[in-house]
Amino acid sequence: MITTRQKIDIRSLSLDALQKHFIQMDEKSFRAKQVYEWLWKKSCFSFSEMSNISKELRTKLDENFVINNVRIFNSQVSADKTIKNSFILHDTHLIEGVLIPTPGRMTACVSSQVGCSLTCKFCATGYMERKRNLNPDEIYDQVVLIDNQCKQNYGMPLSNIVYMGMGEPLLNYKNVLDSIEKITSEEGLNMAAKRITVSTAGIAKMIKKLGDDQVKFNLALSLHAANDEKRNTIMPINEQNSLKALAEALKYYYAKTKNPVTYEYIIFDGFNDNIQDAEELARFCKHLPCKVNIIEYNPIAFADYLNAGEDKVEAFAEHLRKHGVNTHIRRSRGKDIDAACGQLAIKDAK
Ligand code: SF4
């Protein structure tokens, strides 16, 4: 009898590998395909629900494999209808993912790591220790669970996914790309790659790798300052990935993919909110086709940064537009439940 600990995580196997296991178990390989479909396309979390699989085979599956599915641990609904979820993983770690409903768009913001090794000063996750990377199926499950939540609460499926929750996606490169492969494939959720955005704090080497891999999804860079000295202060990762290195990597990425890049820019009161800052950002934008999202800041308990005033934000955006930069101001969602950008942190985990 195989104990639970020896069971194989069935979703870590490719279809080929699963078929090989089935042959070893004296089962037909087409059965593996049926099970694979239950696991991914139908997002089934239990062998007992696989109705076209014989009871005998289901028992065998139960004895040999495990489905390490993610479960909703807690959900909170904001006054603006944003839903923040904490998810529990099979090893009891907790992560967070958010459903953001806006007119014409239902967006899931998902995590890619448990905690984060980068220490961005304005971000609550940055004050948590990085425990581990998420597996592709753990990212996939967040999307499935948020999609179900979206259908149940708002009567429609998700339209967009952003990898902007806990963790730095490009430091979990392979699993993030594998999760996107599954989300976009016909064997999975069949969502368009153009509906997915991966947001990075800026790892130049990995941005180039995205170019080499000619990815089809969107890339966003959390820029927040177009001046090395300032960026070093709030994002220590900038010390090894200067703006010059990032610009070179982004140009390389653009040459390979022809995908414009989005720059996320949180305006902090008195730090990066003056016209000189806007000027520097407009200059940075000249490197390649891009757009800028100016994001309202949500103060967190650990840091002293505050949101810039409305007038400053408008003047900043206007200056960028004057320089021909496609600029949008994004109001924060889910602030009252700590679900807004930069606020995700598992309180119990600190
Ligand atoms: S902003 Fe992103 S990369 Fe920076 S600490 Fe937070 S989760 Fe990590």
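That block above? That's the structure.
Worth saying up front: this structure is predicted, and the values here are computed from it rather than measured.

About the thresholds
- Residues numbered from 1 in each chain as written.
- Predicted model: local features only at pLDDT ≥ 70, side-chain atom pairs only at ≥ 80, totals over all residues.
- Heavy atoms only, no water.
- Pairing = 2+ DSSP bridges.
- Helix = DSSP H or I, 4+ residues; strand = E, 2+ residues; numbered from the N terminus.
- Axes fitted to C-alpha atoms, helices over the stretch in contact; angles between N-to-C directions.
- Buried < 20%, exposed > 50% of the residue type's maximum accessible area, 1.4 Å probe, protein only.
- Right-handed = clockwise from strand over helix to strand, strands pointing away.
- Phe/Tyr/Trp six-rings, centres within 6.5 Å; stacked < 30°, edge-to-face > 60°.
- Lys NZ or Arg CZ within 6 Å of the ring centre and 35° of its normal.
- 1 Å grid on protein atoms, 1.4 Å probe; cavity = no way out; pocket = protein on both sides within 12 Å on 5 of 7 lines; lining within 4 Å.
- Points joined across faces, edges and corners; volume = space filled by probe spheres on them.
- Core = buried A, V, L, I, M, F, W, Y, C linked by side-chain atoms within 4.5 Å.
- Contact = heavy atoms within 4.5 Å.
- Arc of directions from axis to C-beta.
- Expected span 1.5 Å × (residues − 1).

K.L.:
Explain the sheet that holds strand 11 (residues 218–222) residue by residue, including any values.
P.N.:
Pairing in this open sheet of ten strands is mixed, and the strands run 3-4-5-6-9-10-11-12-13-14 from one edge to the other. For this open sheet the edge positions go to strand 3 (71–77) and strand 14 (326–330), each flanked by a neighbour on one side alone. Averaged over neighbouring strand pairs, the angle between their axes works out to 25 degrees when direction is ignored. Examined bridge by bridge, strand 5 (residues 94–102) and strand 6 (residues 105–109) share five bridges and lie antiparallel to one another. Among the inter-strand pairings, Pro-101 is bridged to a residue of strand 6, identified as Met-106.

K.L.:
Explain the pairing of strand 9 (residues 160–163) to me, and be specific about the residues and the numbers.
P.N.:
Here strand 9 shows no split at all, with Asn-160 and Val-162 on one side and Ile-161 and Tyr-163 on the other all buried. Read from strand 9 through helix 5 (residues 173–184) to strand 10 (residues 196–200), the crossover connection turns out right-handed.

K.L.:
Lay out unusual backbone geometry in plain terms, naming residues and giving numbers.
P.N.:
Generally, phi is negative for residues other than glycine and the peptide bonds are trans, each holding for most cases. The backbone of Gln-214 shows a phi angle near 45 degrees, a positive value even though the residue is not glycine. In this structure, Gln-214 sits in the loop between helix 6 (204–212) and strand 11. One non-glycine residue, Lys-258, lies in positive phi territory at about 60 degrees. Mapped onto the elements, Lys-258 comes out in the loop between helix 8 (243–257) and strand 12 (261–266). On the accessibility criterion, Lys-258 (52% relative accessible area) is exposed.

K.L.:
Just give me the short version of the packing of aromatic side chains, but keep the residues and values in it.
P.N.:
The tally for this structure, following the rule as stated, stands at nine aromatic pairs. Taking 4.9 Å as the distance between ring centres and 80 degrees as the angle between the ring planes, the aromatic pair formed by Trp-40 and Tyr-140 counts as edge-to-face. With a gap of 100 residues between them, Trp-40 in the loop between helix 2 (29–39) and helix 3 (55–64) and Tyr-140 in helix 4 (residues 136–154) connect regions that are remote in the sequence. Each member of the pair, Trp-40 as well as Tyr-140, carries the same accessibility label: buried. Judged by centre distance (6.2 Å) and plane angle (70 degrees), the rings of Phe-268 and Phe-271 are edge-to-face. You'll find Phe-268 and Phe-271 in the same group, each marked buried. Within the aromatic cluster, the residues linked to one another by ring pairs are Phe-122, Phe-268, Phe-271, Tyr-297 and Tyr-305. The cationic tip of Arg-11 hangs over the ring face of Trp-40; the distance from NZ or CZ to the ring centre is 5.6 Å.

K.L.:
Kindly report on the layout of surface pockets, identifying the contributing residues and their values.
P.N.:
The volume enclosed by the second largest pocket comes to roughly 200 Å³. Looking at the second largest pocket, the residues that line it are Arg-11, Ser-12, Leu-13, Ser-14, Tyr-36, Trp-40, Asn-135, Pro-136, Asp-137, Asp-178, Glu-181 and Lys-182. Elements with a contribution of two residues or more to the lining of the second largest pocket: helix 4 and helix 5. With three residues, helix 5 is the largest single contributor of residues to the lining of the second largest pocket.

K.L.:
Give a description of the nonpolar core that names residues and reports values.
P.N.:
By size, the foremost hydrophobic cluster in this structure holds 106 residues, and its most contacted members are Phe-122, Tyr-163 and Tyr-263. The element that contributes the greatest number of residues to this core is helix 4, accounting for seven residues. When residues no more than four places from it in sequence are discounted, the contact partners of Tyr-163 are Val-110, Ile-139, Pro-169, Val-176, Ser-179, Ile-180, Ile-183, Ile-196, Thr-197, Val-198 and Ser-199.

K.L.:
Now, about the side chain of Asn-69: what can you tell me, with residues and values included?
P.N.:
Structurally, Asn-69 is set in the loop between strand 2 (65–66) and strand 3. Ignoring any residue separated from it by four or fewer positions in sequence, one finds Asn-69 in contact with Arg-11, Phe-45, Ile-88, His-90 and Asp-141.

K.L.:
Give a description of the environment of Leu-118 that names residues and reports values.
P.N.:
With respect to the secondary-structure elements, Leu-118 resides in the loop between strand 7 (113–114) and strand 8 (132–133). For Leu-118, a relative accessible area of 10% corresponds to the buried category. Along the backbone, Leu-118 and Leu-99 are 19 residues apart, and their C-alpha atoms lie at a distance of 24 Å.

K.L.:
How would you explain helix 2 if you had to name every residue and give the values?
P.N.:
Inspection of helix 2 places Ala-32, Val-35, Tyr-36, Trp-38 and Leu-39 among the buried residues, and these make up the whole buried set. Seen along its axis, helix 2 keeps its buried residues to an arc of 155 degrees; they face one direction. Contacts from the buried residues of helix 2 go to helix 1 (15–24), helix 3 and helix 5.

K.L.:
Can you break down helix 8 residue by residue, with the values?
P.N.:
Residue pairs three or four apart in sequence face the same way in an α-helix, which turns once every 3.6 residues. If you check helix 8, its first and last C-alpha atoms are 20 Å apart, about what 15 residues at 1.5 Å a residue would give, namely 21 Å. Buried within helix 8 are the following residues: Leu-243, Leu-246, Ala-247, Ala-249, Leu-250, Tyr-253 and Thr-257. Down the axis of helix 8, the sector holding all buried residues measures 165 degrees, keeping them to one side. Of the exposed residues in helix 8, those oriented more than 90 degrees away from the buried face are Lys-244 and Ala-255. Where helix 8 is buried, its residues touch helix 6, strand 11, helix 7 (228–234), strand 12 and helix 9 (275–284). Count one or two residues on from helix 8 and you reach Lys-258, which has phi positive near 60 degrees.

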